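A look at the structure
For reference, the chains in residue letters:
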Amino acid sequence: MILYITVAAVTALLAGLVDNHPTRQSYKVTRQQLCNYVCLTAVFLILFLLSACRLNVGNDYAKYVEFMHLVNCDAYVPTEIGFNLLVKLVYGLSGYENFLLVFAFYSFVTVLFFLLAMYEQSDEFGFTFFLFMTLGYYFQTFSTVRYYLALAVALYSMKFVLRRQWGRFVVLVLLGSAFHKSLLVVIPLYFLASLAWKKWQLAAAALFCTTFLFMQDFYLKLVIFLYPTYEDTEYLEGGTSYISILRCAAVLSFAGIVYWMRRREVSAEKRREAGELPVEALLWNRRFWFYFYLNLGALILYVFCAFLPIVSRIGYYLMVSQILYLPMLLRAVPDRRWRRFFRVGILLAAVLYFAMYLKKGANDGVLILPYRTFFFHEMVNILSDVN
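Residues numbered from 1 in each chain as written. Predicted model: local features only at pLDDT ≥ 70, side-chain atom pairs only at ≥ 80, totals over all residues. Heavy atoms only, no water.

This part is about the layout of surface pockets. In this model, the second largest pocket occupies a volume close to 1,000 Å³. In this structure, the second largest pocket is lined by 31 residues; those nearest its centre are Val 185, Leu 189, Leu 192, Phe 212 and Leu 301. Secondary structure elements with two or more residues in the lining of the second largest pocket: helix H10 (186-193), helix H11 (199-209), helix H13 (216-226), helix H17 (286-304) and helix H18 (311-319). Among the elements that line the lining of the second largest pocket, the one with the most residues is H17, at six residues. The class makeup of the residues in the lining of the second largest pocket is 28 nonpolar, two polar and one charged. (1 Å grid on protein atoms, 1.4 Å probe; cavity = no way out; pocket = protein on both sides within 12 Å on 5 of 7 lines; lining within 4 Å. Points joined across faces, edges and corners; volume = space filled by probe spheres on them. Helix = DSSP H or I, 4+ residues; strand = E, 2+ residues; numbered from the N terminus. Nonpolar A, V, L, I, M, F, W, Y, C, P; charged D, E, K, R; others polar.)

Below, the discussion takes up empty space enclosed by the protein. To find the voids left in a structure, one rolls a probe of water-molecule size over its atoms. According to the stated counting rule, one finds one cavity of 30 Å³ or more in the structure shown. When residues of the lining of the largest cavity are assigned to their parent elements, the largest contribution, five residues, is made by helix H5 (residues 99-121). The class makeup of the residues in the lining of the largest cavity is five nonpolar, four polar and one charged.

Under the definition given, this model contains seven salt bridges. Where Asp 335 meets Arg 337, a salt bridge forms, and the shortest distance between an N and an O atom there is 3.8 Å. Residue classification places Asp 335 among the partly exposed positions, given a relative accessible area of 26%. A relative accessible area of 64% places Arg 337 in the exposed class. (Salt bridge = Lys/Arg side-chain N within 4 Å of Asp/Glu carboxyl O. Buried < 20%, exposed > 50% of the residue type's maximum accessible area, 1.4 Å probe, protein only.)

A grouping of Leu 213, Phe 214, Met 215, Phe 218, Leu 222 and Phe 225 is seen on the molecular surface, where their side chains present a nonpolar patch of about 690 Å² in accessible area. Going through the elements one at a time, helix H12 (211-214) and H13 are the ones with two or more residues in the nonpolar patch. Among the elements that make up the nonpolar patch, the one with the highest residue count is H13 (three residues). Mapped onto the elements of the fold, Phe 214 is located in helix H12. (Patch = residues over 30% accessible without salt bridge, like charges linked within 9 Å, V, L, I, M, F, W, Y side chains within 5 Å. Areas by Shrake-Rupley, 256 points an atom, 1.4 Å probe, with all protein chains shown as cover.)

On to unusual backbone geometry, then. Of note, the amide linkage connecting Leu 369 to Pro 370 takes the cis form, showing an omega dihedral of -5°. With respect to the helices and strands, the residue Pro 370 is situated in the loop between helix H20 (336-359) and helix H21 (383-386). Positive phi outside glycine occurs at Asn 56, with the angle close to 55°. Structurally, Asn 56 is set in the loop between helix H2 (31-52) and helix H3 (61-72). Notably, Asp 74 is not glycine yet its phi reads approximately 60°, a positive angle. Positionally, Asp 74 belongs in the loop between H3 and helix H4 (81-94).

All right, on to the packing of aromatic side chains then. Using the criterion set out here, one finds 49 aromatic pairs in the structure. Measuring from ring centre to ring centre gives 6.0 Å for Tyr 156 and Phe 160, while their planes differ by 80°; the resulting arrangement is edge-to-face. With Tyr 156 and Phe 160 both in helix H8 (residues 145-162), this residue pair falls four residues apart, about one helical turn. Per residue, the accessibility class of Tyr 156 equals that of Phe 160, and both read buried. Between the aromatic rings of Tyr 291 and Tyr 325, the centroid separation amounts to 5.5 Å while the plane-to-plane angle is 55°, which identifies the pairing as tilted. With a gap of 34 residues between them, Tyr 291 in helix H17 and Tyr 325 in helix H19 (residues 322-332) connect regions that are remote in the sequence. Its relative accessible area of 0% is what places Tyr 291 among the buried residues. Just above the ring of Tyr 353 sits the side chain of Arg 247; from NZ or CZ to the centre is 5.3 Å. Stacked on the ring of Phe 127, the Lys or Arg Arg 343 has its end atom at 5.0 Å from the ring centre. (Phe/Tyr/Trp six-rings, centres within 6.5 Å; stacked < 30°, edge-to-face > 60°. Lys NZ or Arg CZ within 6 Å of the ring centre and 35° of its normal.)

Moving on, we get to the nonpolar core. Within the largest apolar cluster, 130 residues are counted, with the highest numbers of intra-cluster contacts made by Phe 129, Phe 132, Phe 139, Tyr 190 and Ile 368. With 15 residues, the single largest contributor to this core is H8. Contacts of Phe 129, omitting those with residues within four sequence positions, involve Thr 11, Ala 12, Ala 15, Val 43, Leu 47, Leu 115 and Met 118. (Core = buried A, V, L, I, M, F, W, Y, C linked by side-chain atoms within 4.5 Å. Contact = heavy atoms within 4.5 Å.)

Counted under the stated rule, the structure contains zero disulfides. Of all cysteine sulfurs, the one in Cys 35 lies closest to Cys 39, which takes part in no disulfide; the gap is 3.8 Å. There is no disulfide at Cys 305, and the cysteine sulfur nearest it, in Cys 209, is 7.1 Å away. (Disulfide = S-S within 2.5 Å.)

Looking now at the side chain of Asn 20. By the secondary structure assignment, Asn 20 is in the loop between helix H1 (2-16) and H2. One polar contact links the side chain of Asn 20 to the main-chain carbonyl oxygen of Ser 122, over a distance of 2.7 Å. Within the local environment of Asn 20, its side chain forms a polar contact with the backbone nitrogen of Phe 125, the two atoms lying 3.4 Å apart. Leave out the neighbours within four places in its chain, and Asn 20 touches Met 118, Tyr 119, Ser 122, Asp 123, Glu 124 and Phe 125. (Polar contact = N/O pair within 3.5 Å; in protein donor to acceptor, adjacent residues only side chain to side chain.)

Set out below in structure tokens:
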């Protein structure tokens, strides 16, 4: 636990030195740009090495080693073609079942996409990175490595949605889905979140949500069609997350407060005099509403679709936008004192969440504690070794 707290603190301090909107000068690297390169490289190496050097750390580490062994033996595994080809390639080049290198590849790509997404899209990289660490996104990459690679790709793909570069968005998602097919769900969901919804459309969407209460069998059959390996397994039990509901509700409430504060800040007379002010730009800002609808969608899923076995995975594709949305909202608060108040409140809530997350780090379903590395530990026997 001390190791994780230290890593989170050190990387957050380094990230705080990064300015992802530096002033650029022609044919010259500024001091801030050089600082960015050094700090980002240091952050990447710390996160990558901590993840790549782990051994049997993560809820399903041993299960993945078993999957890799079965792939190498040409047996059936419920994993995507990207995962299977990667295992074949790494094992073939290594000459033995080098599962450590496969995990290292996932660590490299996942951390890289997360950092690129935060650096390119955040209003304040340091604050976004702090949320990334304290809300547990990084440490959860130790488990379900295929899914978190897909989640990193989903976060990175948001910039293409906002730019209306649909071709690049779809191609990136299709490539990512080769490692976890659940990523395909972001194509319709992100498209819907990018629309400028009218009131009557929101009312129709709310009416549609009631079908989740009366047509649960239909939606479960649809899930089984998409995920046939879930049939007659514990994965069909469903369930929801009250913490996720609370997070989405809090973020949406904060967005509503900021919206009201910005609207109240500028009178009608000032609008006529100044034309389109930054205040007004927020009210119709594409990013503001895109992130808003993503979190609203996540809240709807967790409240109305708790019976679906994949609700948490779909919800995380929407909720991950919070690490970009909160810095944007903070920056939009017009009053400096209120901005400072909200910032402190978010920081304290994130630290509390991190403490709660680490407290259950040794529990089933998490298993990121204790930390082990292949330098000092041996891999336990997998199922195939026991049989």
